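# Remarks on the overall topology
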Amino acid sequence: MHVSIVHPRDLAKSDIERWRVLQEADPAFDSPFLSPEFTIIVGELQEQVRVAVLQDGQETVGFLPFERHPMGIGKPVAAGLTDAQGLVHVKDLELDPRELIRACGLGVFEFDHLVSGQPLLAGRHTRHPSPIIDLRDGYDSYVETVRQNSGKTYRSTAYKARKLQRDAGPLQHDYATTDRAALRTLLGWKTDQYRRTGRTDRFARPWIVELVERLLATDTEHFGGVFDVLRVDGKPVAGHFGLRTATTLAGWFPAYDLTYAKYSPGLIHHLAMAEKAAAAGIEVIDLGRGEKEYKEKLKNGEYEVMEGRVARPSAGAGIHWALRVPVRKARGTVLASPFLRSTADRALKTFGRLRTSLSSLAS
């Protein structure tokens, strides 16, 4: 097998078309994060992005998008942002994962949302559920499932939607809008949420803001950015920016105005989004890995993603292992314990409140 390493901008039109054929041939690859367009657009903003093009004789059999960092450390494209990662390949592809990363110039390739069925799965890894909203039987069927599994939540959300309209004005849901002012409002809510909960503000990095704006401007048959917003009396109160293929919408950046928190605008919005998405041909909304209460209430199925790494003997892999093992062990211990997990979450939120208070005093 021959492996060529190229920057995304150097992919030939025939490569992109072949990538898309392989992606559409396997439902496991039906995520916009595995689309060639996503890698190409990120590559316009991040020079370390590369694509390994795998060829068996005259046939191109796979594409592995990745980032190459110092010391031979490899990561998925837009690591930390993506909810689906891996090699897009022909069925029953056989390869040595260590030889592949060697050909990529890597000592180690780490992942945390690797899709199922990957020939990259060598060595130690853990499996995690990734909840979905399955719309393949239609929106009405989905809502009936929610009523059965989360009846109290559904009734409460419907009541709050009616109350919100009585208190503040008529509801309007705009799906697939390009309203940049509303998008900036959404990103502002998300920044506040990151700071409030003690997380790193992704939108403090200008390239991520630019990435979202470029993705919003992308709309093709196979791939596009999707921004939708819930308004009350014309004012945005909740929204979401995600990515889509022809049939899968990847949940990415949802947020809402805390002023309306008592009405559960996030749940109202997600149900409205699911209805409009189904009408637009979306069959699955991938909510992404993570234990969030709203995901548990809305899901009616789940995928499985893997976290781990592929490594070969190298100085970079050794350093990476030495630095990452204590962190991963501590993280694993916390995640395995509901008590420790809730304690850590409370600590982050306390830190977030202190950070917000100090920022307010400084300004």
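Residues numbered from 1 in each chain as written. Predicted model: local features only at pLDDT ≥ 70, side-chain atom pairs only at ≥ 80, totals over all residues. Heavy atoms only, no water.

### Some words on the pattern of salt bridges
Overall, the coordinates contain 18 salt bridges when judged by the stated rule. For Arg214, the salt bridge goes to Glu44, with nearest N and O atoms at 2.9 Å. Separated by 170 residues along the polypeptide, Arg214 in helix α7 (residues 206-216) and Glu44 in helix α2 (residues 36-45) bring together distant segments of the chain. Judged by relative accessible area, which is 48%, Glu44 ranks as partly exposed. A salt bridge links Glu296 to Lys299, with the nearest nitrogen and oxygen atoms 3.3 Å apart. Each member of the salt-bridge network shares a partner with another, and the members are Glu44, Glu210 and Arg214. (Salt bridge = Lys/Arg side-chain N within 4 Å of Asp/Glu carboxyl O. Helix = DSSP H or I, 4+ residues; strand = E, 2+ residues; numbered from the N terminus. Buried < 20%, exposed > 50% of the residue type's maximum accessible area, 1.4 Å probe, protein only.)

### Topic: the confidence of the model for the chain
Overall, the prediction assigns the chain a mean pLDDT of 90, with 86% of residues at 70 or greater. Of the regions scoring below 50 in pLDDT, residues 355-363 engages in seven contacts with residues more than four places distant in sequence or in other chains. (pLDDT = per-residue confidence, 0-100. Contact = heavy atoms within 4.5 Å.)

### Notes on helix α8 (residues 265-279)
Under the 1.5 Å per step criterion, the end-to-end length of α8 is 21 Å for 15 residues, consistent within 8% with the ideal 21 Å. In terms of residue burial, α8 counts as a mostly covered element, since 11 of its 15 residues are buried. All of the buried residues along α8 are Pro265, Gly266, Leu267, Ile268, His269, His270, Leu271, Ala272, Met273, Ala274 and Ala277. Looking one or two residues beyond α8, the residue adopting positive phi is Gly281, at roughly 100°. (Expected span 1.5 Å × (residues − 1).)

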